[in-house]
Amino acid sequence: MFDTTFNQADLTDVDMTGATLDGARFIRANLTNAILEGAYAFDTDFRGAVIDGADFTDVLLDPRTNDLLCEVAQGTNPITGRHTRETLYCP
């Protein structure tokens, strides 16, 4: 899914474990309870995305994107049981 546009897409409960998302655009996408474990997501745009309960365990993100996601991160993924903020290593 390299360089794909998912703007305003409903990706609730999607499992993208290990996906290559480099350069993808998730602007205002709904990633509620999504699992992105081990995905490659460098230079990926998550502006305005809903990430409640999303699992970002071992996702490669650039630091600015990680900081942006930490501003809105909340919830626990119902499948993995992981807290979104913890999977992003938010302070």
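On a predicted model such as this, the values are computed, not experimentally measured, just so you know.

Cut-off values and rules
- Residues numbered from 1 in each chain as written.
- Predicted model: local features only at pLDDT ≥ 70, side-chain atom pairs only at ≥ 80, totals over all residues.
- Heavy atoms only, no water.
- Helix = DSSP H or I, 4+ residues; strand = E, 2+ residues; numbered from the N terminus.
- Contact = heavy atoms within 4.5 Å.
- Areas by Shrake-Rupley, 256 points an atom, 1.4 Å probe, with all protein chains shown as cover.
- Buried < 20%, exposed > 50% of the residue type's maximum accessible area, 1.4 Å probe, protein only.
- Salt bridge = Lys/Arg side-chain N within 4 Å of Asp/Glu carboxyl O.
- Polar contact = N/O pair within 3.5 Å; in protein donor to acceptor, adjacent residues only side chain to side chain.

Colleague: Go over the overall build of the protein, please, and point to the residues and values.
Modeller: Across its full length, the protein holds two helices and zero strands. Summarising its shape, the C-alpha atoms of the protein cover approximately 30 × 25 × 25 Å along the three principal directions. Across the protein, every contact between residues at least 6 apart in sequence was considered, and the portion connecting residues at least 24 apart equals 13%. Counting every atom, the protein has about 4800 Å² of accessible surface; 50% of that belongs to carbon and sulfur.

Colleague: So, unusual backbone geometry: which residues are in play, and what are the values?
Modeller: A positive phi angle is found at Arg28, which is not glycine, with a value near 55°. Mapped onto the secondary structure, Arg28 falls in the segment before helix 1 (63–72). You will see that Asp58, though not glycine, has its phi angle at about 60°, which is positive. Within the element layout of this structure, Asp58 appears in the segment before helix 1. Relative accessible area serves as the criterion here: at 52%, Asp58 is assigned to the exposed category.

Colleague: Give a description of the pattern of salt bridges that names residues and reports values.
Modeller: Counted according to the given criterion, the structure contains four salt bridges. A salt bridge links Arg82 to Glu37, with the shortest nitrogen-to-oxygen separation between them at 3.0 Å. Taken together, the positions of Arg82 in the loop between helix 1 and helix 2 (84–87) and Glu37 in the segment before helix 1 put the pair 45 residues apart, joining distant regions of the chain. Relative accessible area serves as the criterion here: at 31%, Arg82 is assigned to the partly exposed category. Judged by relative accessible area, Glu37 falls into the partly exposed class, the value being 24%. Two residues, Arg82 and Asp55, come together in a salt bridge whose shortest N-O distance is 2.9 Å. Here Arg82, found in the loop between helix 1 and helix 2, pairs with Asp55, found in the segment before helix 1; they are 27 residues apart in sequence, far enough to count as distant.

Colleague: Outline the side chain of Asn77, supporting the account with residue identities and numerical values.
Modeller: Position of Asn77 among the secondary structure elements: in the loop between helix 1 and helix 2. The residues touching Asn77, leaving out its near neighbours within four places in the chain, are Asn33, Ala34, Ile35, Gly53, Ala54, Asp55 and Arg82.

Colleague: Tell me what's going on with the environment of Arg82, and back it up with residues and numbers.
Modeller: For the pair Arg82 and Asn33, spaced 49 residues apart in the sequence, the C-alpha separation amounts to 10 Å. Excluding residues within four positions of it along the chain, Arg82 makes contact with Glu37, Asp55, Thr57, Gly75, Thr76, Asn77 and Thr87. A distance of 2.9 Å separates polar atoms of two side chains, one belonging to Arg82 and the other to Asp55.

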